[in-house]
Amino acid sequence: MDQDTYDRGRQIRTAVLGEAYVAQAAGGDDFTKPFQDLVTEYCWGAVWGREGLSRKTRSMLNLAMIATLNRPNELRTHVKGALTNGVTREEIREVLMQVAIYAGVPAAVDGFRIAREAFAEYEAQR
């Protein structure tokens, strides 16, 4: 593990998803900790840590891809992260409209449902 990349990933992951989420997810247990370390280092440190795209843009891309892949738990997490990164509800709506056209209406229907739930959870945490 590259400690600098991991540390950068931990900082970015915490800034986007919050300390409580990262402590719970990244802490893991004997079974999940190696995977969470990999996610923190490579996903959050090596990719999210690049300068080529803003965090807002990365969040919007993630929403489209995760909705398309029909991953509701990750979508819920990343909707809240997108809000933290400055993505507006209107922009999230537009991302999901794009998903409807290019990935299918059922994926967007689920995306809208999850986004509404995530909005409520996000507001409750504020």
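Up top you'll find the structure we're talking about.
Read on for a plain summary of the structure. (Residues numbered from 1 in each chain as written. Predicted model: local features only at pLDDT ≥ 70, side-chain atom pairs only at ≥ 80, totals over all residues. Heavy atoms only, no water.)

1. Concerning the overall build of the chain
Our working definition: Secondary structure follows DSSP: runs of H or I at least 4 residues long count as helices, runs of E at least 2 residues long count as strands, and numbering of each begins at the N terminus. The reference for a compact globule is 2.2 Å times residues^0.38; the radius of gyration itself is calculated from the C-alpha atoms. Each residue is assigned to one of three classes by its accessible area relative to the maximum for its type, calculated with a 1.4 Å probe on protein chains only: buried under 20%, partly exposed between the two thresholds, exposed over 50%. Note on contacts: a residue pair qualifies if any of its non-hydrogen atoms lie within 4.5 Å across the two residues. Note that accessible areas follow from Shrake-Rupley with a 1.4 Å probe, and for residues the cover is restricted to the protein chains shown.
Looking only at helices and strands, one finds seven helices and zero strands in the chain. The order of α-helices and β-strands along the chain, N terminus first, is α-α-α-α-α-α-α. On C-alpha atoms alone, the chain measures out to a radius of gyration of 15 Å, which is about the 14 Å that the 2.2 N^0.38 rule sets for 126 residues. Along the three orthogonal principal directions, the C-alpha set of the chain runs to about 40 × 30 × 25 Å. Counting only residues that meet the buried cut, the chain has 39% of its 126 residues in that class. Long-range contacts, defined as pairs at least 24 residues apart, comprise 63% of the intrachain contacts of the chain with a sequence gap of at least 6. Counting every atom, the chain has about 7,500 Å² of accessible surface; 55% of that belongs to carbon and sulfur.

2. With respect to the packing of helix H1 (residues 3-17) against helix H5 (residues 72-84)
Between two packed helices, the angle of one axis relative to the other and the distance separating the axes together describe the packing. Counted only if it meets this: Geometry is summarised by axes, namely lines fitted to C-alpha atoms with helices restricted to the contacting stretch, and by angles between N-to-C directions that run from 0 to 180 degrees. To sort the angles, those under 35 degrees are grouped as roughly parallel, those over 145 as roughly antiparallel, those from 65 to 115 as roughly perpendicular, and the leftovers as oblique. Charged means Asp, Glu, Lys or Arg here, nonpolar means Ala, Val, Leu, Ile, Met, Phe, Trp, Tyr, Cys or Pro, and polar covers whatever is left, Gly included.
One way to put it is that H1 packs onto H5 with a least axis distance of 7 Å and a crossing angle of 90 degrees. The angle between H1 and H5 places the two elements in the roughly perpendicular class. Across from Ala15, Val16 and Leu17 in H1, the residues of H5 making contact are Thr77, Gly81 and Thr84. Class assignment for the residues of the contact of H1 with H5 results in three nonpolar, three polar and no charged.

3. Some thoughts on the pattern of salt bridges
Cut-off, in case you're wondering: Salt bridges, as used here, are contacts in which a Lys or Arg side-chain nitrogen is within 4 Å of a carboxyl oxygen on Asp or Glu.
Scanning the model with the defined rule gives nine salt bridges in all. A salt bridge links Arg93 to Glu94; its shortest N-O distance comes to 3.7 Å. Through salt bridges with shared partners, a single network forms among Arg76, Lys80, Glu117 and Glu121.

4. Digging into unusual backbone geometry
At Asn70, a residue that is not glycine, the phi angle is positive and equals roughly 55 degrees. As for its placement among the helices and strands, Asn70 is situated in the loop between helix H4 (55-68) and H5.

5. Considerations on helix H6 (residues 89-103)
Formally: A helix is expected to reach a length of 1.5 Å times the quantity of its residues less one. The reported arc concerns the directions from the helix axis to the C-beta atoms and nothing else.
Over its 15 residues, H6 runs 20 Å from end to end, which matches the ideal 21 Å to within 8%, given 1.5 Å per residue. Listed in full, the buried residues belonging to H6 are Ile92, Val95, Leu96, Val99 and Ala100. All buried residues of H6 fall inside an arc of 150 degrees around its axis, so they share one side. Of the residues in H6, the exposed ones pointing more than 90 degrees away from the buried face are Ile101 and Tyr102. Buried-residue contacts for H6 involve H4, H5 and helix H7 (105-125). A positive backbone phi angle near 115 degrees is found at Gly104, which sits one or two residues after H6.

6. Topic: the nonpolar core
Here is the rule we go by: As used here, the term nonpolar core means buried Ala, Val, Leu, Ile, Met, Phe, Trp, Tyr and Cys residues forming a set that is joined through side-chain atoms within 4.5 Å.
Grouped together as the largest cluster of nonpolar side chains are 20 residues, with contacts concentrated most on Leu63, Leu75, Val79, Leu83, Ile92, Ala115 and Phe119. Here this core takes seven residues from H7, the largest share from any one element. Core analysis: the second largest hydrophobic core is formed by six residues, Val16, Leu17, Val39 and Trp44 among them.

These results come straight from atomic positions and should not be treated as a statement about function.
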